[in-house]
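Residue-level structure breakdown
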Number of protein chains: 2
Amino acid sequence: MLPGEVAALLRVDPKTVTRWAATGRIPSIRTPGGHRRFPRAAVMGLLTATAPDNPPNPENSR
Amino acid sequence: MLPGEVAALLRVDPKTVTRWAATGRIPSIRTPGGHRRFPRAAVMGLLTATAPDNPPNPENSR
DNA sequence: TTCCATTCGGGTAATTGGGGGA
DNA sequence: GATGTCCCAATTACCCGAATGG
């Protein structure tokens, strides 16, 4: 998966994704020219949202 | 979407949006750096919930 | 081979996160 | 109980020119 795709999915700058790879926060593969490729699974793990309990259930909220 | 955008849209302080995410009142994903991204749909839900005259679920707001 | 879009690298400004207090 | 504003540190976004990939 390309840096631009990951950036678009997480609403960040492609440069930020590159920084994550540089700091080892996300696994990445390097092309012979130095460009990066990211495993789709790792990217999917990042966009896992915390699902809050905010349904019509007042008793649960209190 | 970004915390600042949500804050501007709901006309609250970005810190308040952060607190909502922290208390689980709005779903959010975290970047590896710790910043938050909010699903547009969830923001719209909050926007509807804070609407002065069009609350779909008044009991949900409490 | 040339073509264009994207990514590379570094540097700087703006935003965000967390804690504490009004 | 919830929100807005203060601090500082960290993260992120946009600028440039040059190189890579298909």
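In case you missed it, the structure is sitting above this.
First things first, this report covers the structure right here in the doc. Owing to the predicted nature of the structure, the values given are computational and were not obtained by experimental measurement.

**What about the overall build of chain A?**
Looking only at helices and strands, chain A features four helices and two strands. Counting from the amino terminus, chain A carries its helices and strands in the arrangement α-α-β-β-α-α. Counting every position in chain A, which comprises 62 residues, the buried fraction comes to 26%. For chain A, restricting intrachain contacts to residue pairs at least 6 apart in sequence, the fraction spanning at least 24 positions comes to 31%. Summed over its atoms, the accessible surface of chain A is roughly 4,200 Å², and 53% of this surface lies on carbon and sulfur atoms.

**Things to note about the side chain of Thr31(B)**
Mapping Thr31(B) onto the fold places it in the loop between strand S1 (29-30) and strand S2 (36-37). Excluding residues that lie within four positions of it along the chain, Thr31(B) makes contacts with Val12(A), Trp20(A) and Arg37(B).

**Things to note about the nonpolar core**
Residues and elements named next belong to chain A. If you look at the biggest cluster of nonpolar residues, it comprises 14 residues, and the most contacted ones within it are Val6, Leu10, Val17, Trp20, Ile26 and Phe38. If you list the elements that add at least two residues to this core, you get helix H1 (3-10), helix H2 (14-22) and helix H3 (40-46). Setting aside residues no more than four positions away along its own chain, Val6 makes contact with Met1, Val17, Phe38 and Val43.

**Focus: unusual backbone geometry**
Residue and element names in this part refer to chain A. Unusually for a residue other than glycine, Arg11 sits at a positive phi of about 60°. With respect to the element layout, Arg11 can be found in the loop between H1 and H2. Looking at Arg11, the relative accessible area reads 55%, which means it is exposed.

**Observations concerning the protein's contact with DNA strand D**
Taken together, 21 residues surround DNA strand D, and among them Asp13(A), Thr16(A), Arg25(A), Thr16(B) and Arg19(B) come closest. Expressed as a percentage, the sugar and phosphate content of the atoms of DNA strand D within 4 Å of the protein is 75%. Contacts to DNA strand D include Gly33(A), whose backbone N or O atom sits 2.8 Å from a phosphate oxygen. At 3.1 Å, a backbone N or O of Asp13(B) approaches a phosphate oxygen of DNA strand D. Elements that contribute at least two residues to the surface near DNA strand D include exactly H2 of chain A together with helix H2 (14-22) of chain B.

**Things to note about H2(A)**
Residue and element names in this part refer to chain A. Residues of H2 that are buried: Thr16, Val17, Trp20 and Ala21. The buried residues of H2 all sit within an arc of 145° when viewed along its axis, so they share a single face. Opposite the buried face of H2, by more than 90 degrees, sit the exposed residues Lys15 and Ala22. The N-capping residue of H2, defined by a side-chain oxygen 2.9 Å from the backbone nitrogen of Lys15, is Asp13.

**With respect to the environment of Ala42(A)**
Residue and element names in this part refer to chain A. The topology assignment puts Ala42 in helix H3. The sequence separation of Ala42 and Pro14 amounts to 28 residues, and the corresponding C-alpha distance is 16 Å. Apart from residues lying up to four places away in sequence, Ala42 is in contact with Ile26 and Pro27.

**Observations concerning the environment of Arg19(B)**
One can find Arg19(B) in helix H2. Measuring from C-alpha to C-alpha, the distance between Arg19(B) and Pro39(B) comes to 16 Å, with 20 residues separating the pair along the chain.

Criteria and cut-off values
- Residues numbered from 1 in each chain as written.
- Chains lettered and ligands numbered in written order.
- Predicted model: local features only at pLDDT ≥ 70, side-chain atom pairs only at ≥ 80, totals over all residues.
- Heavy atoms only, no water.
- Helix = DSSP H or I, 4+ residues; strand = E, 2+ residues; numbered from the N terminus.
- Buried < 20%, exposed > 50% of the residue type's maximum accessible area, 1.4 Å probe, protein only.
- Contact = heavy atoms within 4.5 Å.
- Areas by Shrake-Rupley, 256 points an atom, 1.4 Å probe, with all protein chains shown as cover.
- Core = buried A, V, L, I, M, F, W, Y, C linked by side-chain atoms within 4.5 Å.
- Near = heavy atom within 4 Å.
- Polar contact = N/O pair within 3.5 Å; in protein donor to acceptor, adjacent residues only side chain to side chain.
- Arc of directions from axis to C-beta.

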